[in-house]
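Okay, here's what each chain looks like letter by letter:
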Amino acid sequence: MRPTIQILEPAQIAAVLAEAKKLMAEVGMDIRGPRLRQRLIDAGLPTDANGRVLFPQDVVDRAIETAPKSFTLFDRDGRPHAEIGGWNVHFVPGSSGLKVMDHRTGETRLANSTDFIEYARLCDGLPHIPYLATAFSTNHDIEPQVSDAWRLYMVLTTTKKPVVSGAFGEHGVPRMAEMMQLFRRDRAELVAKPMSIFTITATGNFRFGEDSCQNLLDCVEAGIPVEIVPVTLMGLIAPVTLLGACVFHCVDVLTGITMAQVVKPGAPVLFGGAPATFHMRAASAPMAAIEAQRLNVAYVAIAKSLGLPTQAYMALSDGKFLDAQAGAETMTSAMLAALAGVNSVSGPGMLDFVLTFSLPKLVFDNEVCGQCLNFVRETRVLEDIPARSLVDEVRANDHLITSPHTLKYWPQELYLTDPVIDRENRETWIKQGSKDLQARAVEQVEKRLAAYVQIQTDPAADAEMRRMIVAGLKDRKELPRLPPPPEHAAGETGAPGRRSMGRRPQATARSEC
């Protein structure tokens, strides 16, 4: 048995879906991307008198049927890395940040490329963060029209883990797809072995904006899996009540899923979201609010009833520091995500309404995620029922420390945390410097950064990616300088278990987006 959580009755799930499908058919959606809108009309979708695209229930039902129930993410080398679907849970850093909390100075400031490289190096070695996100912008050190490709470049040359990414403008996806294709033989292999999930943000107020429409179209045509992520803001642009908010949320996500399947049946799509509540006193939008977490758990249950893979913004905090609030909000929402079976959980490392990224918090969150994953393991009989032999053993020896049963099972049953979590007695803690959480987390960040070993990237592939980005510059001629890897890594071919990744042979005729 796997531990789970359920907050909606089957009849409530059915009612939400019925109402959402009714609204999609009768109210429809304002599709502001002209190319995608035309594709939908050409496929036979009707429009109303105001030009809104309507989504008949049979079209929606067919889209749900053709959408894959799961898919595999592959690493940069083309090896299977993460199965997205079912009850598999993967924690991935949150996205959309603009600032970092500098762990060396304590200052919260705009992020730059050096911050991003350190983030990617840190993620490369975190065991409970199976793939990355292009988590925050690098702001003024790169021109905005190529900043999405620049972040992807830094990930692709720093780690072999997959990545959740996305384009900032309506023309960004083709260039990023070409960059990823450099690590596959051709476009067909990139489609067969995807290394990224791209985020498509539903605009809200029953519309999809131009950028989201074009990015969805480009991703689906390029074979890049997408996650449909509405920012369902309870109390502002969605009802404050749970079932009403679920209806609004499902309209947005099911519209995105349907559009993807109309363009290309079988395109991988995650049923996602980034809900928040509107704080009636502070006029803020807390994503860690317990009501937002309740909505996350509810819409994930609805998605699971349809057999669709899921994504949610959880395991994060709206606090400003790695403090008690950050710990409580992150642990609570991470545990709810694990119990609900969210396939891709976006959030670790994030503070301040997903505006600020913190490397110490990411190290702390890695341990939170590890404990949550440990909690939702399958419960099985492990030679402990019947228990008479264990009773006899403890009566004979007064302990089970050296019991064969203990020696066999404790490595898998007892989770040993990283030193960022305090498990020492007070005397030992004092001898080790009486370090608080922030000090322990900062220490672990520096140790992990110092231990990073640079992966090998084929020089031709590296140069081609840089050429693509430079070609998109308008005012500058050079890309930002990046910090060198730790000295011990210079000249090494990779950490144990890694294999050098050369540029894969390209097909003579490369397909275009």
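For the structure, see preceding data.
Residues numbered from 1 in each chain as written. Predicted model: local features only at pLDDT ≥ 70, side-chain atom pairs only at ≥ 80, totals over all residues. Heavy atoms only, no water.

Turning to the packing of helix α3 (residues 57-66) against helix α9 (residues 242-263), a few remarks are in order. Between two packed helices, the angle of one axis relative to the other and the distance separating the axes together describe the packing. The N-to-C vectors of α3 and α9 enclose an angle of 75 degrees; their axes lie 9 Å apart at closest approach. The pairing of α3 with α9 is recorded here as roughly perpendicular in orientation. Residues Val59, Val60, Ala63, Ile64 and Thr66 of α3 touch α9, and the partners they reach there are Leu254, Ile257, Thr258, Gln261 and Val262. Class assignment for the residues of the contact of α3 with α9 results in seven nonpolar, three polar and no charged. (Axes fitted to C-alpha atoms, helices over the stretch in contact; angles between N-to-C directions. Helix = DSSP H or I, 4+ residues; strand = E, 2+ residues; numbered from the N terminus. Parallel < 35°, antiparallel > 145°, perpendicular 65-115°, else oblique. Contact = heavy atoms within 4.5 Å. Nonpolar A, V, L, I, M, F, W, Y, C, P; charged D, E, K, R; others polar.)

Strand order in the open sheet made by the five strands is β7-β8-β9-β11-β13, with parallel pairing throughout. The outermost strands of the open sheet, each flanked by one partner alone, are β7 (132-133) and β13 (269-271). Judged from the two bridges that link them, β7 and strand β8 (residues 163-165) form a sheet pairing that is parallel. Residue alanine 133 lies in a different strand from β8, and its bridge partner there is valine 164. In the packing of helix α8 (residues 210-222) onto the sheet, contacts are made with β9 (196-200) and β11 (226-228), and the angle to β9 comes to roughly 155 degrees. (Pairing = 2+ DSSP bridges.)

A few words now on the pairing of β9. Most of β9 is tucked away: four of the five residues are buried. Bridge count for β8 against β9 is three bridges, and the pairing is parallel. Bridging from a neighbouring strand, serine 165 pairs with phenylalanine 198 of β9. As paired strands, β9 and β11 are joined by three bridges and run parallel to one another. Paired with threonine 199 across the two strands is glutamate 227, which belongs to β11. (Buried < 20%, exposed > 50% of the residue type's maximum accessible area, 1.4 Å probe, protein only.)

This paragraph deals with helix α4 (residues 113-124). Look at α4: 17 Å from first C-alpha to last across twelve residues, which is about the 16 Å you get at 1.5 Å a residue. Across the twelve residues of α4, eleven count as buried, placing the element largely inside the fold. Three or more residues of α4 are buried, namely Ser113, Asp115, Phe116, Ile117, Glu118, Tyr119, Ala120, Arg121, Leu122, Cys123 and Asp124. A distance of 3.1 Å separates the backbone nitrogen of threonine 114 from a side-chain oxygen at the start of α4, and that oxygen is part of asparagine 112. (Expected span 1.5 Å × (residues − 1). Polar contact = N/O pair within 3.5 Å; in protein donor to acceptor, adjacent residues only side chain to side chain.)

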